[in-house]
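# Coordinate inspection notes
Chain by chain, the residues run as shown.
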Amino acid sequence: MAAAKKRLDLLVVDGYNVIFKSERYMARMDRSGVSDPFEQVRELLISDVAAYAKGRFEPIVVFDAANNVSPERPYTSKGGVRTIFSKTGESADTVIERLVTEERLAPRAVTVVTSDSVIRATVGGIPVTKISSDALVLDVNSLAVEYARENASRQRQRMTLEDRLSPEQREKLWRLMGR
């Protein structure tokens, strides 16, 4: 009998609370008035949460749909991140509190990312860890810098034809060229 796969801890992110805490996200806001101003911002946050959670958490990002351009949104999953929009008349806070309560009864460890003092007060206790939105943004920014550095390093490597050749092939080429 195969061993059961370990269930990851749950990561619940208060989406708009994190977005409004970071210039990284606010800079992506579409201020043209043509479409949903948060569409690109939410996509970036979901991508960042996926990178942050990878292998450590089962991530959920909760958005408050009460004043959204399109409040009727289904639950979705993208890049391993489940996205929940609160229903009309329901706050994201209520959704987060419900998720944490359900997992507490499971019991399952939960990490909640928010700087909202009301949510932090109502979801506290064992086995719930609280991370401020600022702390997540700092971690995500660090990850972004690290990924950019690694990507730049990979791009510099093996850029010339000579670099792409094996030592034996390079030797043959040099002989053909008379070096």
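Presented here is an overview of the structure given in this document.

Of regular secondary structure, the chain possesses 8 helices and 6 strands. Going from the N terminus to the C terminus, the chain shows its helices and strands as β-α-α-α-β-β-β-α-β-α-β-α-α-α. When burial is assessed residue by residue, the chain has 34% of its 179 residues classed as buried. Contacts in the chain between residues at least 24 apart in sequence constitute 52% of all its contacts with a sequence separation of at least 6.

Further remarks concern the pairing of strand S2 (residues 57–63). Counting buried positions along S2 gives 6 out of 7 residues, so the element sits mostly inside the fold. Relative to S2, strand S1 (residues 9–14) runs parallel, the two being bridged by 6 bridges. Among the inter-strand pairings, Asp14 is bridged to a residue of S2, identified as Val62. Of the strand pairs in this sheet, S2 and strand S4 (residues 81–85) are connected by 4 bridges, and their pairing is parallel.

This part is about the side chain of Glu103. Tracing the sequence through the fold places Glu103 in helix H4 (residues 92–105). Assessed through its relative accessible area of 12%, Glu103 is described here as buried. When residues no more than four places from it in sequence are discounted, the contact partners of Glu103 are Arg7, Leu10, Arg108 and Val110.

What follows deals with the nonpolar core. In this structure, Leu11, Val13, Val18, Ile19, Tyr25, Leu45 and Phe63 are the most contacted members of the largest nonpolar core, which totals 27 residues. Sorting the residues of this core by element identifies S1, helix H1 (15–19), helix H2 (23–26), helix H3 (39–53), S2, S4 and helix H6 (133–156) as the ones contributing at least two each.

The subject of this paragraph is the pairing of strand S5 (residues 110–113). Neither face of S5 is left uncovered, since the one carrying Val110 and Val112 and the one carrying Thr111 and Val113 both have all their residues buried. Pairing of S1 with S5, which is carried by 4 bridges, proceeds in the parallel orientation. Paired with Val12 across the bridge in S5 is Val112. As judged from the 4 bridges shared by S5 and strand S6 (residues 128–131), these two strands associate in the parallel manner. If you follow Thr111 over to S6, its bridge partner there is Thr129.

Cut-off values and rules
Residues numbered from 1 in each chain as written. Predicted model: local features only at pLDDT ≥ 70, side-chain atom pairs only at ≥ 80, totals over all residues. Heavy atoms only, no water. Helix = DSSP H or I, 4+ residues; strand = E, 2+ residues; numbered from the N terminus. Buried < 20%, exposed > 50% of the residue type's maximum accessible area, 1.4 Å probe, protein only. Contact = heavy atoms within 4.5 Å. Pairing = 2+ DSSP bridges. Core = buried A, V, L, I, M, F, W, Y, C linked by side-chain atoms within 4.5 Å.

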